[in-house]
Amino acid sequence: TRFPKSALMANFETLFTGLFAALVNPAMGENEYVMKCIMRTLSIAGADVIPVTQLILSHLTSALERACKNPVNPHYNHYLFESIALLIRASCGTGTGDVTETNLQWCAQFETLLFPPLQTILAQDITEFVPYVFQIMAQLLNARRPNSGLSDAYRGLFRPLLSPEVWDRKGNIPALVDLFRAYISRGMAEVIGMEGALLGVLGIFQKLLAAKVC
């Protein structure tokens, strides 16, 4: 790292404001180097980024909405989703330790802002983004307390995830498995309570067991 964390902390807001201003500059387009810089800065910042989380989340959500309209740069897109994942980890935690009320409040804010573009990606079947969506949703769900239940958005998403077509794409499977684990650990009672859902889960389990290992 060229700059120590201490040198960045005092200038986080100014730094991110400048980086996101560059992203919306029409002359620069989807600049993968700018987005990579955002990702690296978030990685260095860790939980110290929380005071400017709202600013960063708003800009990343806008960047995601723009990318959905024309996903042409895979490197830019990868750094964008990695940045979102790092911000979730810093603000919401991982759910493996003590989950604070502040963590849960951030989870709710992330879900409110991110779910509309994530649902758009799934509805429009933007193939290159779909595995990232499953990863982000699993991360957010795992950040909740165990057996804490599911929100309306998660409940509404579960049944479409049982579709065999979703599991036919090998690139989806690792992220989908993580998402199903999150569903089971955070809302097993609700999954069991959905008509036909348990049979669907067992069907997918059998499908995975029968699949050839590549």
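Quick notes on the rules
Residues numbered from 1 in each chain as written. Predicted model: local features only at pLDDT ≥ 70, side-chain atom pairs only at ≥ 80, totals over all residues. Heavy atoms only, no water. Phe/Tyr/Trp six-rings, centres within 6.5 Å; stacked < 30°, edge-to-face > 60°. Helix = DSSP H or I, 4+ residues; strand = E, 2+ residues; numbered from the N terminus. Buried < 20%, exposed > 50% of the residue type's maximum accessible area, 1.4 Å probe, protein only. Salt bridge = Lys/Arg side-chain N within 4 Å of Asp/Glu carboxyl O.

(A) Summary view of the packing of aromatic side chains. Going through the model one piece at a time under the given rule, you end up with 10 aromatic pairs. Relative to Phe16, the ring of Phe12 has its centre 6.2 Å away and its plane inclined at 40°; by these criteria the two rings are tilted. Here Phe16 and Phe12 lie together in helix 2 (residues 12-23), a separation of four residues that amounts to about one turn. Phe16 matches Phe12 in its accessibility class, with the two residues each being buried. Considering the side-chain rings of Phe115 and Tyr154, the 5.1 Å spacing of their centres and the 80° angle between planes classify their relative orientation as edge-to-face. In this pair, Phe115 sits in helix 6 (residues 101-124) while Tyr154 sits in helix 8 (residues 152-161), placing the two residues 39 residues apart along the sequence. Tyr154 shares its class with Phe115; the two are buried.

(B) Seen up close, the pattern of salt bridges. Overall, the coordinates contain seven salt bridges when judged by the stated rule. Arg169 is the salt-bridge partner of Asp125, the closest N and O atoms lying 2.5 Å from each other. Taken together, the residues Asp125 in the loop between helix 6 and helix 7 (130-142) and Arg169 in the loop between helix 9 (164-168) and helix 10 (173-193) connect sequence positions 44 residues apart. Of the residues examined, Asp125 reaches a relative accessible area of 34% and is grouped as partly exposed. Its salt-bridge partner being Glu190, residue Arg155 comes within 2.6 Å of it at the nearest N-O pair. Remark: Glu190 occurs in helix 10 and Arg155 occurs in helix 8; sequence separation between them is 35 residues. Relative accessible area serves as the criterion here: at 30%, Arg155 is assigned to the partly exposed category. Overlapping salt bridges, with partners in common, bring together Asp152, Arg155 and Glu190 in one network.

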